[in-house]
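Chains, contacts and geometry: an overview
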Amino acid sequence: MSIKDSQELARHAASIGADGISVISPSYFKPINADALRLFIKEVSASAPDLPMYYYHLPGMTGVALEAADVLNGIEREIPSFQGVKYSGTDLRDLGQCVCYSQSRDWSVLYGVDEQLLGALVLGVHGAVGSTYNYLGHIVNQMLSAFNNGNHTQTRALQFGFMEVITFARTLGFDVSVNKQVMSEVSGLPMGPPRLPLLPCPVSKAQAIAQKIHNFTQGL
Ligand SMILES: CC(=O)N[C@@H]([C@@H](O)[C@H](O)[C@H](O)CO)[C@@H](O)CC(=O)C(=O)O
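An unreviewed UniProt entry lists the protein chain under the name N-acetylneuraminate lyase isoform X1, with Danio rerio given as the organism.

**A look at the side chain of Ser88**
Position of Ser88 among the secondary structure elements: in the loop between strand 3 (82-87) and helix 6 (92-103). Side-chain polar atoms of Ser88 contact the side chain of Lys86, separated by 3.4 Å. Leaving out residues up to four positions away in the same chain, Ser88 has contacts with Tyr56, His57, Leu58, Pro59, Gly112 and Val113.

**Details of the domain arrangement of the protein chain**
Entries for the protein chain in the domain assignment read domain 1 (1-130) and domain 2 (131-220). Put simply, the middle of domain 1 and the middle of domain 2, counted by C-alpha atoms, are 25 Å apart. Of the residues lining the interface, eleven residues belong to domain 1; the matching set on domain 2 comes to 16 residues. For domain 1, the biggest contributors to the area lost against domain 2 are Asp114, Glu115 and Leu118; these three give 52% of the whole. The tally of links between domain 1 and domain 2 comes to nine residue pairs in polar contact (both at pLDDT 80 or more). Per element, the largest residue contribution to the side of domain 1 that touches domain 2 is four residues, and it comes from helix 7 (residues 117-123). In terms of residue class, the side of domain 1 that touches domain 2 is made up of seven nonpolar, two polar and two charged.

**With respect to the site of the ligand**
Around the ligand sit 13 residues in total, of which Tyr56, Ser88, Gly112, Glu115 and Ser131 are the nearest. In the complex, 70% of the free accessible area of the ligand, which totals 480 Å², lies under the protein chains. Counted by class, the shell around the ligand contains five nonpolar, four polar and four charged residues. Both domain 1 (1-130) and domain 2 (131-220) contribute no fewer than three residues apiece to the shell around the ligand.

**Some thoughts on the sheet that holds strand 4 (residues 108-111)**
Reading across from one edge, 1-2-3-4-5 is the order of the five strands in this open sheet, with parallel pairing throughout. Each end of this open sheet is capped by a strand with a single partner; those strands are strand 1 (21-24) and strand 5 (127-128). Sheet topology places strand 4 next to strand 5; two bridges connect them, and they run parallel. Note that in strand 5 the partner of Leu110 across the bridge is Gly127. Across the sheet, helix 2 (residues 34-45) lies against strand 1 and strand 2 (53-57), angled at about 140 degrees from strand 2, the strand it touches most.

**A short note on the packing of helix 8 (residues 133-148) against helix 9 (residues 152-172)**
Relative orientation of the contacting elements helix 8 and helix 9 amounts to 160 degrees, with a least axis distance of 8 Å. Between helix 8 and helix 9, the angle is such that the two are roughly antiparallel. Note on packing geometry: the crossing formed by helix 8 with helix 9 is left-handed. Contacts between helix 8 and helix 9 involve Tyr133, Leu136, Ile139, Val140, Gln142, Met143, Ala146 and Phe147 on the former and, on the latter, Gln154, Thr155, Leu158, Gln159 and Phe162. Taken together, the residues that form the contact of helix 8 with helix 9 break down as nine nonpolar, four polar and no charged.

What counts and how
- Residues numbered from 1 in each chain as written.
- Predicted model: local features only at pLDDT ≥ 70, side-chain atom pairs only at ≥ 80, totals over all residues.
- Heavy atoms only, no water.
- Helix = DSSP H or I, 4+ residues; strand = E, 2+ residues; numbered from the N terminus.
- Polar contact = N/O pair within 3.5 Å; in protein donor to acceptor, adjacent residues only side chain to side chain.
- Contact = heavy atoms within 4.5 Å.
- Domains from an automatic or database assignment.
- Buried area = accessible area lost by both parts, 1.4 Å probe.
- Nonpolar A, V, L, I, M, F, W, Y, C, P; charged D, E, K, R; others polar.
- Near = heavy atom within 4 Å.
- Areas by Shrake-Rupley, 256 points an atom, 1.4 Å probe, with all protein chains shown as cover.
- Pairing = 2+ DSSP bridges.
- Axes fitted to C-alpha atoms, helices over the stretch in contact; angles between N-to-C directions.
- Parallel < 35°, antiparallel > 145°, perpendicular 65-115°, else oblique.
- Left-handed = near helix turned anticlockwise from the far one by under 90°.

Written out as structure tokens, the structure reads:
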């Protein structure tokens, strides 16, 4: 996504009354350091200065593995509307530093690696946004309740269930198109094909994953 496209989308979000905006790193021409990425986020934010801004850290997709904690460092001085980060990386030390930095600034840190949410909860994240919650949302809610009630045994058991489902899906090949087909299988609502270059997922693959999800949720 170019800076001009991002700014246009930010202006559009403001014009339709959105509650906030979120920016991922550009992934074709990549920022060479955290300062460059912070400047990019600042320029996008300037197109919608009244909207809360979140940095969406998604290194697996963008290929930009800069530490999110470095991006956050001092960002409030450049972007007054900055409100937090969605962290979809697996580096729990970097995540922990983001949570630590956010505490005194009253920002939100949301976690996005569903198979290791528990580690992030222990570090103090404020919420979770993940693709598997499209069909396992009621289970992650149970997990959050168990965690908040101090029931470590149940929290772990539910996290292990997520791990088992996602590991199984990965052995078959798990990407956005597979996930979309799994959503169709689980919900019964046809979601349609993915956009190119993603290819449609064979129905049998999605059905096998949906069966695994069924076994997990029925076994609780
Ligand atoms: C790289 C990726 O797609 N991560 C997912 C996870 O929910 C992920 O699918 C899940 O943890 C399984 O690995 C989300 O963090 C990202 C996501 O849902 C999105 O941006 O649409």
